[in-house]
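Chain residues, written in single-letter form:
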Amino acid sequence: MNLAQRVKSLKSSPTIALNSRVQQLSKEGHDIVNLTVGEPDFATPLAIVERAIAALQQGRTKYGPAGGGLALRQAVSSKLLQENRLAYAPEEIVAGCGAKEILCHLFLALVNPGDEILLPAPYWVSYEDQIKLAEGRPQIIPPEVDRANHLLLTPAMLERFATPRTVGLVLCSPNNPAGSVLSPESLLELGAYLTSKNWWIISDEIYEYFSFETPHRSLLELYPELRSRFILVNGLSKSFAMTGWRVGYAAGPAAVIGAVKTLQSHSSTCLPPFIEAAAEWALSQGAELMRVEIAAMKAKRDLVVELAQQLPDIEFFSPQGAFYLFMDLRPLLAKSEQYANGSSLAWCEALLDQQKVAVVPGEAFGTPGYLRISYACSPEKIREGFRRLALFIKA
Ligand code: PMP
Ligand code: GLU
């Protein structure tokens, strides 16, 4: 018996797989510094947890509507207005089981077989496979940096990879895995270019609270004329440390939102209503609820930059947001006989083997020769990780 063609070329999420492997090794007693997964180390605020418990006790334990209940969509609508200065009615909003589920349904809703989606690298692991699942073709745009090692995304870079089959572009700022943030100037430049293109713009803004230098701004706020083609994706996983709760949402044209709801009605069905109750309250509090945690993450960003600057032969993208440091190993790999083929995968495996530090190799993000460090862990773990990393590089 054969599996369907559609799943044969899919790979499991490498970030999820690596994290599970490292957790298993740790359980078996190995002393591993886990810098793999993008998951805040702080706990979900107790007040959010209490909302879920109260809702469970009140019996909010049955099916809810596909697309999210009205109260949750109203909470998202208020959040978008207050924090992002974007006006969306509840009918233009869909909530579901994580931004990952929403994105998967979005690609199914927007992509016909053979359609191309522009995907700037490095990109978060799941976009590529989700586009392929929808029988689309990811057009991967190789990274370019300026002199200060800021990752760029310019109209010229998009234009080079656009074809008559291009139907959309994925934006992710603050960026996983690069930690980069699109500057207001580059957003202006991109927006002006995109108004001349009839593409869907899928804007993943899940790291919006972790924009350390400039407050997060959605491209749509700067270019409201993109509204009929713009889909904003966000979720509570990162902002409120709720990865396991699985709450994501999107705002966009009602027809697109309706298609996602229909897909949900045949798959995930609904968010658990007691989770919705907690999410509504978290959204009503906004970034203010997480002020201390966000400041702590910025301090950790400063720490990793300081430590990474001390590593010989390592360059990295200037990290201005999210909670990742993306390192360019290529100068180092070029010097070594063993890794001269540019495989950061082999290098990262040896790092795990010899120094028990787990990181994600660049291959996962469409950029062999790089690696991603998640610094969403304790400062002690970060220091120990870098101590071992320095030893490994020296050896
Ligand atoms: N987008 C990006 C860029 C991410 O890093 C993640 C992390 N998992 C997601 C979407 C999905 O998040 P979730 O499904 O937990 O909402
Ligand atoms: N987005 C996180 C990461 O990149 C969580 C894992 C995942 O969903 O891929 O590590």
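Anything mentioned here points back to the structure above.
What you see is a predicted model; the values in this text were computed from it and never measured. (Residues numbered from 1 in each chain as written. Chains lettered and ligands numbered in written order. Predicted model: local features only at pLDDT ≥ 70, side-chain atom pairs only at ≥ 80, totals over all residues. Heavy atoms only, no water.)

### Here's the deal with the site of ligand 1
Okay, so step 1: Close contacts around ligand 1 come from 13 residues, with Ala99, Asn176, Asp204, Tyr207 and Ser237 the closest.
Okay, so step 2: At 2.6 Å, a side-chain N or O of Asp204 approaches a nitrogen atom of ligand 1.
Okay, so step 3: Between ligand 1 and Arg246, the relevant distance is 2.7 Å, taken from an oxygen atom to a side-chain nitrogen or oxygen of the residue.
Okay, so step 4: For ligand 1, whose free accessible area comes to 390 Å², the fraction covered by protein is 93%.
Okay, so step 5: Ranked by residue count, the leading element in the shell around ligand 1 is helix α5 (residues 98–110), at 3 residues.
Okay, so step 6: For the shell around ligand 1, the residue count by class is 6 nonpolar, 3 polar and 4 charged. (Near = heavy atom within 4 Å. Polar contact = N/O pair within 3.5 Å; in protein donor to acceptor, adjacent residues only side chain to side chain. Areas by Shrake-Rupley, 256 points an atom, 1.4 Å probe, with all protein chains shown as cover. Helix = DSSP H or I, 4+ residues; strand = E, 2+ residues; numbered from the N terminus. Nonpolar A, V, L, I, M, F, W, Y, C, P; charged D, E, K, R; others polar.)

### Considerations on unusual backbone geometry
Okay, so step 1: A cis amide bond links Ser173 to the next residue, Pro174, at an omega of -10°.
Okay, so step 2: Inspection of the secondary structure assignment puts Pro174 in the loop between β5 (166–172) and α8 (184–194).
Okay, so step 3: For the bond from Asn176 to Pro177, the omega torsion is 15°, close enough to zero to count as cis.
Okay, so step 4: Within the secondary structure, Pro177 is located in the loop between β5 and α8.
Okay, so step 5: The phi angle at Arg246 is positive, at roughly 65°, despite the residue not being glycine.
Okay, so step 6: Its location among the elements puts Arg246 in the loop between β7 (230–235) and β8 (248–251).
Okay, so step 7: Although it is not a glycine, Ala322 adopts a positive phi angle of roughly 55°.
Okay, so step 8: Residue placement: Ala322 occurs in the loop between β9 (315–316) and β10 (324–328).
Okay, so step 9: Looking at Ala322, the relative accessible area reads 0%, which means it is buried. (Buried < 20%, exposed > 50% of the residue type's maximum accessible area, 1.4 Å probe, protein only.)

### Focus on the packing of aromatic side chains
Okay, so step 1: For the structure shown, the criterion picks out 12 aromatic pairs.
Okay, so step 2: For the ring pair Tyr207 and Phe323, a centre distance of 5.2 Å and an interplane angle of 80° mean the geometry is edge-to-face. Linking Tyr207 in the loop between β6 (200–204) and α9 (219–222) with Phe323 in the loop between β9 and β10, this pair joins segments that are 116 residues apart in sequence.
Okay, so step 3: Overall, Tyr207 belongs to the buried group, its relative accessible area being 2%.
Okay, so step 4: Put simply, the rings of Tyr207, Phe210, Phe323 and Tyr324 touch in pairs and so form one group of aromatic residues. (Phe/Tyr/Trp six-rings, centres within 6.5 Å; stacked < 30°, edge-to-face > 60°.)

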